[in-house]
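Summary of structural features
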Protein chains: 2
Amino acid sequence: MSDRTEFRDLASPEEAHETIADLDVGGGTETVALDEARGRVLAERLEATIDVPGFDRAGMDGYAVRARDTVGAGEANPVELELAGAVHAGENPDVTVEAGTTVEISTGAVLPEGADAVVKVERTDQPDEGTVAIRTAVTPSQNVMLAGADIAAGERALGPGTEITAREIGLLSALGVADVSVRAPPRVGIVSTGDELVRPGEDLDHRAGQIYDVNTHTIAAGVEEAGGEAVTYPHVGDDLDELERVLRQAAEECDLVLSSGSTSASTVDVIYRVVEDLGDLLLHGVAVKPGKPMLVGRFAEAAYVGLPGYPVSALTIFRTFVAPAIREAAGLPEGRTATITGRMAVRERFEQGRLRYMPVGLVEGGSRTEPDSRAAAPRESGAGETLVYPVDKGSGATTSLTAADGVVAMEPDTNELSSGERVEVQLFSPSVRIPTLVGCGEDDPALSRLLDQVERPRYLADGSRAGVRRLEDGITDVAALSGPIEPPSDATEVGSWTREWGLLVPEGNPDAVEGLDSLVAADLSFVNRPRDSGLRATFDAALAHLDTENAADEISGYERAARAHESPARMVARGDVDAGLGLRVSAEKLGLGFVSLGSETVRVVAAEDRAGKPGVEALATAIDDETVFESLAGYEP
Amino acid sequence: MSDRTEFRDLASPEEAHETIADLDVGGGTETVALDEARGRVLAERLEATIDVPGFDRAGMDGYAVRARDTVGAGEANPVELELAGAVHAGENPDVTVEAGTTVEISTGAVLPEGADAVVKVERTDQPDEGTVAIRTAVTPSQNVMLAGADIAAGERALGPGTEITAREIGLLSALGVADVSVRAPPRVGIVSTGDELVRPGEDLDHRAGQIYDVNTHTIAAGVEEAGGEAVTYPHVGDDLDELERVLRQAAEECDLVLSSGSTSASTVDVIYRVVEDLGDLLLHGVAVKPGKPMLVGRFAEAAYVGLPGYPVSALTIFRTFVAPAIREAAGLPEGRTATITGRMAVRERFEQGRLRYMPVGLVEGGSRTEPDSRAAAPRESGAGETLVYPVDKGSGATTSLTAADGVVAMEPDTNELSSGERVEVQLFSPSVRIPTLVGCGEDDPALSRLLDQVERPRYLADGSRAGVRRLEDGITDVAALSGPIEPPSDATEVGSWTREWGLLVPEGNPDAVEGLDSLVAADLSFVNRPRDSGLRATFDAALAHLDTENAADEISGYERAARAHESPARMVARGDVDAGLGLRVSAEKLGLGFVSLGSETVRVVAAEDRAGKPGVEALATAIDDETVFESLAGYEP
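Residues numbered from 1 in each chain as written. Chains lettered and ligands numbered in written order. Predicted model: local features only at pLDDT ≥ 70, side-chain atom pairs only at ≥ 80, totals over all residues. Heavy atoms only, no water.

1. Re the overall build of chain A
Counting its regular elements, chain A contains 15 helices and 36 strands. For 637 residues, the compact-globule estimate of 2.2 N^0.38 gives 26 Å, and the C-alpha radius of gyration of chain A, at 36 Å, exceeds that figure by more than 25%. Out of the 637 residues belonging to chain A, those deemed buried represent 55%. Within chain A, counting contacts between residues at least 6 apart in sequence, those at least 24 apart form 74% of the total. Considering chain A, the positive charge centre built from 56 side chains and the negative charge centre built from 111 side chains are found 5 Å apart. (Helix = DSSP H or I, 4+ residues; strand = E, 2+ residues; numbered from the N terminus. Rg over C-alpha atoms; globule rule 2.2 N^0.38 Å. Buried < 20%, exposed > 50% of the residue type's maximum accessible area, 1.4 Å probe, protein only. Contact = heavy atoms within 4.5 Å. Lys, Arg positive; Asp, Glu negative; His and termini not counted. Charge placed at Lys NZ, Arg CZ, Asp CG, Glu CD.)

2. Side note on the interface of chain B and chain A
Contacts between the two partners involve 102 residues from chain B, matched on the other side by 102 residues from chain A. Summed over both partners, the interface of chain B with chain A comes to about 8,000 Å²; 52% of that surface belongs to carbon and sulfur atoms. Per-residue buried area on chain B facing chain A is highest for Arg38, Arg156 and Arg167 of chain B; these three make up 9% of the total on that side. In this assembly, chain B and chain A are joined by 12 salt bridges. (Buried area = accessible area lost by both parts, 1.4 Å probe. Salt bridge = Lys/Arg side-chain N within 4 Å of Asp/Glu carboxyl O.)

3. Brief notes about the relation of the copies chain B and chain A
Mapping chain B onto chain A is achieved by rotating through 180 degrees and translating by 0.0 Å along the same axis, at an RMSD of 0.1 Å. Both chain copies can therefore be described as sitting about a two-fold axis. Among all residues of chain B, the minimum C-alpha distance to the rotation axis is found for Pro430 of chain B, at 4.8 Å. Most of the interface of chain B is mirrored in chain A: 100% of its interface residues are interface residues there too. (Least-squares fit on C-alpha atoms with pLDDT ≥ 70 in both.)

4. Re empty space enclosed by the protein
Residue and element names in this part refer to chain A. Following the criterion strictly, the structure yields four cavities of 30 Å³ or more and no others. Taken as a whole, the second largest cavity encloses approximately 40 Å³ of empty space. Lining the second largest cavity are Leu437, Gly439, Leu447, Leu451, Arg458, Tyr459, Val478, Ala479, Ala480, Val604 and Leu619. At the level of elements, strand 29 (437-441), strand 30 (457-460) and strand 31 (478-482) are the ones that each hand at least two residues to the lining of the second largest cavity. If you tally residues by element for the lining of the second largest cavity, the top one is strand 31, at three residues. (1 Å grid on protein atoms, 1.4 Å probe; cavity = no way out; pocket = protein on both sides within 12 Å on 5 of 7 lines; lining within 4 Å. Points joined across faces, edges and corners; volume = space filled by probe spheres on them.)

5. Some details on the pairing of strand 22 (residues 339-344) of chain B
Residue and element names in this part refer to chain B. Pairing analysis gives five bridges linking strand 22 to strand 28 (residues 422-427), with the strands arranged antiparallel. Among the inter-strand pairings, Gly342 is bridged to a residue of strand 28, identified as Val423. Where strand 22 meets strand 25 (residues 386-390), two bridges bridge the pair, whose relative direction is parallel. Looking at strand 25, one finds that Met344 is bridged to Val388. (Pairing = 2+ DSSP bridges.)

6. Thoughts on the pairing of strand 25 of chain B
All names here are of chain B. Burial analysis of strand 25 places five of its five residues in the buried class, the great majority of the element. Of the two faces of strand 25, the one lined by Thr386, Val388 and Pro390 and the one lined by Leu387 and Tyr389 are each fully buried. Where strand 24 (residues 355-364) lies against strand 25, five bridges are found, and the strand directions are antiparallel. The partner of Val363 across the bridge, within strand 25, is Leu387.

7. Looking at the sheet that holds strand 18 (residues 280-284) of chain B
Residues and elements named next belong to chain B. The mixed open sheet is built from six strands, whose spatial order is 16-13-17-21-20-18. A single partner strand is all that each edge strand has here, and the edge strands are strand 16 (229-236) and strand 18. This sheet shows a mean twist of 20 degrees between the axes of neighbouring strands, independent of strand direction. Both strand 20 (residues 295-298) and strand 21 (residues 303-307) contribute to a ladder of four bridges, which runs antiparallel. Note that in strand 21 the partner of Arg298 across the bridge is Ala303. Docked against the sheet, helix 6 (residues 311-330) engages strand 13 (187-193), strand 17 (256-261) and strand 21, running at close to 165 degrees with respect to strand 21. (Axes fitted to C-alpha atoms, helices over the stretch in contact; angles between N-to-C directions.)

8. Overview of the pattern of salt bridges
Per the counting criterion, the structure on display carries 72 salt bridges over all chains. Asp477 of chain B is the partner of Arg610 of chain B in a salt bridge, and the nearest nitrogen-oxygen pair spans 2.7 Å. Remark: Asp477 of chain B occurs in the loop between helix 9 (464-473) and strand 31 (478-482) and Arg610 of chain B occurs in the loop between strand 35 (593-606) and helix 15 (614-625); sequence separation between them is 133 residues. Owing to a relative accessible area of 3%, Arg610 of chain B belongs among the buried residues under this scheme. When salt bridges that share partners are traced, they join Arg45, Glu47 and Arg156 of chain A together with Arg449, Asp452, Glu566, Arg570 and Lys589 of chain B into one network.

9. Describing the packing of aromatic side chains
Residues and elements named next belong to chain A. Under the criterion given, the structure shown has eight aromatic pairs over all chains. For the ring pair Phe299 and Tyr304, a centre distance of 5.7 Å and an interplane angle of 55 degrees mean the geometry is tilted. An aromatic cluster of three or more residues is present, and its members are Phe526, Phe539 and Tyr558. Here the basic side chain of Arg536 rests over the ring of Tyr558, its NZ or CZ set 4.9 Å away from the ring centre. (Phe/Tyr/Trp six-rings, centres within 6.5 Å; stacked < 30°, edge-to-face > 60°. Lys NZ or Arg CZ within 6 Å of the ring centre and 35° of its normal.)

10. Quick look at a negative patch on the surface
Residues Glu14, Glu15, Glu18, Asp22, Glu411 and Asp413 of chain A make up a contiguous surface patch of negative charge. Inspection of the secondary structure puts Glu411 of chain A in the loop between strand 26 (406-410) and strand 27 (416-417). (Patch = residues over 30% accessible without salt bridge, like charges linked within 9 Å, V, L, I, M, F, W, Y side chains within 5 Å. Areas by Shrake-Rupley, 256 points an atom, 1.4 Å probe, with all protein chains shown as cover.)

11. Description of the packing of helix 1 (residues 13-22) of chain B against helix 6 of chain B
Residue and element names in this part refer to chain B. Contact geometry for helix 1 and helix 6: axes closest at 9 Å, N-to-C directions at 25 degrees. Of the possible angle classes, the one that applies to helix 1 and helix 6 is roughly parallel. The element helix 1 and its partner helix 6 pack so that their crossing is right-handed. Here Pro13, Ala16, His17 and Ile20 of helix 1 lie close against helix 6, whose contacting residues are Thr320, Phe321 and Ala325. (Parallel < 35°, antiparallel > 145°, perpendicular 65-115°, else oblique. Left-handed = near helix turned anticlockwise from the far one by under 90°.)

12. Re helix 1 (residues 13-22) of chain A
Residues and elements named next belong to chain A. When we look at burial in helix 1, the residues that qualify are Pro13, Ala16, Thr19 and Ile20. Looking down the long axis of helix 1, one finds its buried residues gathered within 125 degrees of arc, a one-sided arrangement. For helix 1, the exposed residues set more than 90 degrees away from the buried face come down to Glu14, Glu18, Ala21 and Asp22. The inward-facing, buried residues of helix 1 contact strand 18 (280-284), strand 20 (295-298), strand 21 (303-307), helix 6 (311-330) and strand 24 (355-364). (Arc of directions from axis to C-beta.)

13. Focus: the environment of Thr101 of chain B
All names here are of chain B. Position of Thr101 among the secondary structure elements: in strand 6 (residues 101-105). On a C-alpha basis, the gap between Thr101 and Gly114 in space is 9.8 Å, while along the polypeptide they are 13 residues apart. The residues contacting Thr101, other than those within four sequence positions of it, are Asp69, Leu81, Glu82, Ala84 and Thr96. Reaching out from Thr101, the side chain makes a polar contact with the backbone oxygen of Glu98 at a distance of 2.8 Å. (Polar contact = N/O pair within 3.5 Å; in protein donor to acceptor, adjacent residues only side chain to side chain.)

14. Topic: the packing of helix 3 (residues 215-225) of chain A against helix 2 (residues 166-174) of chain B
At their nearest, the axes of helix 3 of chain A and helix 2 of chain B sit 8 Å apart, and the two run at 165 degrees to each other. Taken together, the axes of helix 3 of chain A and helix 2 of chain B lie roughly antiparallel to each other. Of the two possible hands of crossing, helix 3 of chain A and helix 2 of chain B adopt the one that is right-handed. Together, His217, Thr218, Ala221, Gly222 and Glu225 of chain A of helix 3 of chain A and Ala166, Ile169, Gly170 and Ser173 of chain B of helix 2 of chain B make up the contact between the two elements. Of the residues assigned to the contact of helix 3 of chain A with helix 2 of chain B, the class counts are three nonpolar, five polar and one charged. (Nonpolar A, V, L, I, M, F, W, Y, C, P; charged D, E, K, R; others polar.)

15. A few points about the confidence of the model for chain A
Residue and element names in this part refer to chain A. On average, residues of chain A carry a pLDDT of 89, and 94% of them reach 70 or more. Summarising per-element confidence for chain A, the mean pLDDT is lowest in helix 5 (residues 265-278) (80) and highest in strand 31 (98). In the model, residues 1-7 has pLDDT below 50 throughout and makes 15 contacts with residues more than four positions away in sequence or in other chains. Confidence drops under a pLDDT of 50 for residues 368-383, and excluding neighbours within four residues, the segment shows 17 contacts in the predicted structure. This complex was scored by the predictor with a pTM of 0.88 and an ipTM of 0.89. (pLDDT = per-residue confidence, 0-100.)

So this is what it looks like as structure tokens:
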């Protein structure tokens, strides 16, 4: 029985890499049809078993001749040969080229017996039906591809380990190979643990703390990206006997078993017991953040790695430590270089003492020439450069998966990255491309639609005040601000529109809310938006105009803040509150009553040096187009 | 009816690009299950329909508290709270946190009613069973992820056009999305024409000029690489009614129809007629080499492009002109940058007047420092640089598909690339990687096996003399030379072995061949190896030792040269000749008689500045290992 205190003897990341590399992650061979072979990896050397072409083949449309019959022929003094017949591609020649004769031949046709060269049709003419005038001399084999000249039987055609692309499919076809022996992808079983997990598509019980199972599908996709075959096992709850049964089944059926999820003591104990019953637990915890609770072991026939439970952590550890072993077993080339160098847009501090993988986003800096660009010290602002900013929406946030482009590995002996410092970013995959537009600000349904017109936009709807802060930090290209929130003085306006706001109430307005006064006077429960929201600032400004002093104090729920523009509407619809701050468009979408309190302006502004970026220009064009506003209730361009 | 003379009015490559881009290559939308969504492209904006998390969620193992109850708590002066119960992940809390009480809580569990923060377990202890000592103060929401903090209902989650990777699968899972609306791949029909084509796996009749159908499978794989769905139509022979029927069927069933193969006048006439019956022929021929006979047209419901017949030409034209339209229709990002800059290893001359795509191979130059590296003019030899060499095994060679790494586009107004000139190579795909070893020389079955130990080797078995020439040209890293062929004086030996050679005769040696004398004396038909072969040089040296003067003239078939080491053996086995020049290993493989004439040495030598390349070192290690030689008859290390 393993001692759980061993968790404290963390293995180094290098040990973890080596231990996983030493596990046998399997991968035999299998035979697939040519049409299924694309993307697979050849298991064995392939030698040609036939000559290609299989016969001496005409390389041109023209006339098959004996080369020696054409000696001395030229434009001025053609040699006349007797036309003895014709051969087309795919025909067995029924004619022989004797001295003084010729045979009409098509490209690809079999060179008839007796002939050893082809004169191309452009260098001939036919003075009469039975005669061909040859206007050039040819040498033996001219305009002929000899049997085996492309590749001959016994020659090496392709080596083991070759990845099969369209080009290899071409060569295999030419050799007549219909079935190909390829490396079998390693089978990777995925067992997610946790009583709270529900499969996507099923219903959630929020009250019971249920969440959708993220890791099973994410890691399965990661396994496939690495060339493995993912086998997902129904997630197991807190039934420890069931967990043990599933682990044993996965160990039997797969080359590698991954578990992720619950790190509860009792679950980990079951995993320890099963792994040690069937094989060995080799590593208990690794000195890396995230990923400390990583387990590495061996079953009788399978390898085992336990991943952390949070999705971003699980995927980071999977990519860093596990994917290379799967690629190796699948015979796929080591991951192509997928790093990019950039400068930190902001300072980042962190605890030292452990290798840390920090998820980061990327943004292209502006192209404005810095006035003091001749200064020797690295500039904090990166004109035209790739800027790197930390993405941390908190442990367990799944949106970090798509808000980040890669990770920066931070060494254990440092505790700070300064703004402007050069860092190397390991992209999540070689196909990651930098967003053309990075923005932050007000959550607005029109903006959400406008962003559809921009290629690869990234937008954080953290509120207008957050938008200003991020723009000032030099991270974002644009900010969307609503109400009284003022942009930084050097920002450039990209476009603007107005939206109708007010109080969301249940359908039919059962409490007969008439405006802000009713909210203050009646004992209604209310839900507000967060402090960073521009709409909240608009609401506060309206409250300040009321006769009631400190009207906010009179509103029950004024401090209750719901994150997104639609959140208050949903709370009203669910009956959680009597009224909420929101937009006409949300009331219409959810079939609620709406008490209009006015219109506020939403302005999109760009950092001065980013206004010319293609993504910013695309957004400006989309705003100018106005069609989005026509489709949304309460909106005006 | 179209006038075929229009072929002479060639369209420019730009017109061809534009015409194809303007064709509607289709691509609707379809719904796929989450597990099938990887690699697909989102058809529509996706907004969250639930809050994630759906409840206020504990971010730590610890104790749920009312933050105001912890005011003033610290290590020295803990606050004691009454333990009122426990909540684990996936449980519906059955307890409320009243003032002065606390509830044990697990990471991921629902924050119970009344509580607004979590104190992590490390900052607490339990003086007795019913009491918890809180040793730190917490603020409201501390260690809690509020409902919707990750993403809230109504927020923009993913935009249209997003390629779905493991990360997007993670976000979709978190949102509970089980089915995803994605872009449907355009259906691309492939019709290969040509009476001589046979499907891989079936038997070929060489005498009738049959060859395997290469283009159907190659282009189908290219279509899939570009994100399309390939639909292959049984290849059609010279039956023009059948061709018309298949074209009409493909036009009805597909978004884009590609034909390739026969450019015979009658076939082209049928294609013209069908395209013009159903729609329009838009382009007849393009000023590009290869690719002149390219056709572009429109059926009623489908686009049409006619590709050239030779596989390398067909694939080059497909990649250059057609793949971008398929990627666009599939919603896949424009092809990632897949170009590499290198220097021409040799001079290449060509006819000017038309844009030309030249297939090229790549090789890493050596790292030796050039003595005159300070010279201003570009050096012809590229120490440590990527060198580019033309690959031209002749029109119709399928091995060019795998012998090349990409193409160089040569402008119509030039007719030469000089050695050392910088060129940009368009790689066949972003995953193309430069061979670690490029060699040329003797065709040898041991070498063929030794190359299995080298990553991505490329070897042309064009004979020992070709090996010397290519090494001197600075193209190859190594040459394999056999018999009396001498390496360049500055080459470095990598390794060597010997192989037993002699005369291959039918099983049982029916003509009682005893040696070279019998070959000269008896009237036997013989097959030799090509002039570049080292084995032929060994044979010539042995003939020179005979008493017969000009012995070669006495041998019937001395000038008949079979390309590969095994080719003479196969001719003997087929009964085409009475005897052939070859190796004991070939005789044993094919069950032939063998008259030994001695052993010759095969030497592998490296260019002086390439001997340290990893590929060369891997080959040296494989030669030293000797196991390959033990498995081959007649071989000695």
